[in-house]
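Residue-level listing of the chains:
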Amino acid sequence: MKLLAIESTCDETAAAVVEDGRKIQSSVINSQVQEHRVYGGVVPEIASRRHTEHIVEVVRLALEQAEMTLSEADAIAVTAAPGLIGAVLVGVNFAKGLAMASGKPLVPVHHIRGHVAANYLTHPDLTPPFLCLIVSGGHSHIAQVEDYTTYRILGRTQDDAAGEAFDKAARSVGLPYPGGVELDRISHQGDPGRYPLPTPHTAGKYDFSFSGLKTAVINLSHNAGQKGEKLVPEDLAASFCRKVSMILWEKLEAAARDTGAKKIVLAGGVSANSWLRAQAERGCREKGWELFLPELSLCGDNAAMIGAQGYYEFLAGHTAGMDLNGRPYMEIGEEF
Ligand code: KG4
Ligand code: ZN
């Protein structure tokens, strides 16, 4: 079964063709990051307008690269939540138009479920149940993925998402948006022991909090400024990457221990972080747990992951009618 999938929840206009939830036939991404960089973050109205301009060409290319026509697709999958609502609506309405014109089923997909499903593309043998750390620009969760469409959240962030924390720390040392990847890149020239950073306390055993780290970085920057010095970006990057990956791993490890999980999966933009990947690899090796990491090219936003999850949503009977609407917020366990 071939799904044509569309993703437009943030600053990437993406389309893909995915076969049986596991095989990428094509994946096209038009990124707006250069344009938003000037403003230090995504400007929602600009994002919506660019999606409107690019979506026709991106979808056309995805079909062309998969060497097929719209009539050969078996269903149309689209990310319908959560995300910047003006951006989400561009993809949702375009997908509805395609579904109406072609008579194919319309499959709404939750963006974060898509990030988890990026692992089905990378690891053909991965099947639920497993324990998943989901870390993106807008979300940080520890979730039990019980089957392809059933999730139980064990922990979540109480304030900033992990990706937000990376981006803010990066900005404090003058790195451009989105700073997470830049911070990761320069961290390997830095000293991870140079700047002490606090370990945040949370009420929930598996919950996260990153706002204290953000304040700590601001304070470090002020203190350095008062001495007429500047933070060394490489050292800050190394200290920050090590701290965040330790925090994420400790919570994930506790959840895995308590639930008896043997399969550990990482998902979302921050799962590209080299410190987090190395920490998870070390930890899982020590514990004898099996670790699944998404391929780097599938960590960030793309439509292939939406096509993968869309397949399993379709099998579960989760299709939508022509009254489908986009939603800015939605829990991963909710249905459309
Ligand atoms: O999942 P994603 O592409 O978009 C959302 O759904 O939010 O995540 C984007 C986030 C950004 O905050 C970005 O800085 C972060 O993922 N990110 C990284 C790395 N690559 C992307 N953070 C740390 N290290 C990286 N290598
Ligand atoms: Zn995302």
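The structure this text deals with has already been given above.
Along each chain, residues carry numbers from 1 onward, in the same order as the chain's sequence is written. To label them, take the chains in the order written and letter them from A, then take the ligands in the order written and number them from 1. Reporting in this predicted model follows two pLDDT cut-offs: at least 70 for local features of residues, and 80 or more for side-chain atom pairs to be given and counted; totals over whole chains, interfaces and linings ignore these cut-offs and use all residues. Excluded from the side-chain calculation are hydrogens and water; included are all heavy atoms of the structure.

## Here we look at the site of ligand 1
For ligand 1, the set of nearby residues contains 19 residues, the closest of which are Gly-137, Asp-167, Asp-184, Gly-269 and Asn-273. Contacts described as polar in this section are N or O atom pairs within 3.5 Å, which, within protein, must combine one atom able to donate a hydrogen with one able to accept it, while residues neighboring in sequence count only if both atoms come from side chains. Between a nitrogen atom of ligand 1 and a side-chain N or O atom of Asp-184, the distance comes to 3.0 Å. At a separation of 2.9 Å, a nitrogen atom of ligand 1 approaches a polar side-chain atom of Asn-273. Note that accessible areas follow from Shrake-Rupley with a 1.4 Å probe, and for residues the cover is restricted to the protein chains shown. In the complex, 86% of the free accessible area of ligand 1, which totals 550 Å², lies under the protein chains. Going along the chain from the N terminus, every DSSP run of H or I of four or more residues is numbered as a helix, and every run of E of two or more is numbered as a strand. Listing elements by their share of the shell around ligand 1, those giving two or more residues are helix H4 (111-122), helix H5 (162-172) and helix H6 (179-187). Any residue with a heavy atom lying within 4 Å of a molecule or strand is counted as near it.

## Topic: the coordination of the zinc ion (ligand 2)
Donor criterion used throughout: N, O or S atom within 2.8 Å of the metal, extended to 3.2 Å for Na, K and Ca. Water excluded; incomplete-looking sites may result. Listed as protein donors to the zinc ion (ligand 2) are His-111 (NE2), His-115 (NE2) and Asp-301 (OD); their distances from the metal cover 2.0 to 2.1 Å. Geometry is assigned from the angles between donors: four donors with all angles from 85 to 135 degrees make a tetrahedral site, four or six donors whose opposite pairs exceed 155 degrees while the rest stay between 65 and 115 make square planar or octahedral sites respectively, and everything else is labelled irregular. Angles of 95 to 132° at the metal separate the four donor atoms of the zinc ion (ligand 2), which places the site in the tetrahedral class.

## A word on the side chain of Ser-187
In this fold, Ser-187 is placed in helix H6. Within the structure, the side chain of Ser-187 is placed 2.7 Å from the side chain of Trp-275, a separation counted as a polar contact. Contact definition: two residues touch when any of their heavy atoms are within 4.5 Å. Setting aside its immediate chain neighbours within four residues, Ser-187 contacts Glu-234, Ala-237, Ala-238, Cys-241 and Trp-275.

## Digging into the sheet that holds strand E7 (residues 140-147)
Only when DSSP finds a minimum of two bridges between them are two strands counted as paired. In space, the five strands of this open sheet follow the order E8-E7-E6-E9-E10, with mixed pairing throughout. At either end of the open sheet lies a strand with only one pairing partner, and these are strand E8 (150-156) and strand E10 (290-292). For this sheet, the mean angle separating the axes of adjacent strands, direction not counted, is 25°. Here strand E6 (residues 130-135) runs beside E7; their pairing, made up of six bridges, is antiparallel. Each bridged residue has a counterpart across the sheet, and for Ile-134 the counterpart in E7 is His-141. Throughout, an axis means a line fitted to C-alpha atoms (over the contacting stretch in the case of helices), and angles, computed between N-to-C directions, take values from 0 to 180 degrees.

## Brief notes about the packing of H5 against helix H8 (residues 233-259)
Think of two packed helices as two axes; the pair is described by the angle between the axes and how far apart they sit. H8 packs onto H5 with a crossing angle of 165° between their chain directions and a minimal axis gap of 11 Å. On the basis of their axis angle, the class for H5 and H8 is roughly antiparallel. Crossing of H5 over H8 shows right-handed handedness. Of H8, the residues touching H5 (which contributes Ala-165, Phe-166 and Ala-169) are Leu-236, Phe-240, Cys-241 and Val-244. Gly is put with the polar residues, along with every residue not named as nonpolar or charged; the nonpolar set is Ala, Val, Leu, Ile, Met, Phe, Trp, Tyr, Cys and Pro, and the charged set is Asp, Glu, Lys and Arg. The residue makeup of the contact of H5 with H8, split by class, is seven nonpolar, no polar and no charged. If an angle is under 35 degrees, it is roughly parallel; if it is over 145, roughly antiparallel; if it lies from 65 to 115, roughly perpendicular; otherwise it is oblique. Here a crossing is taken to be left-handed if its near helix is turned anticlockwise relative to the far helix by less than a right angle, and right-handed if that turn runs clockwise.

Geometric values such as these leave the question of function open.
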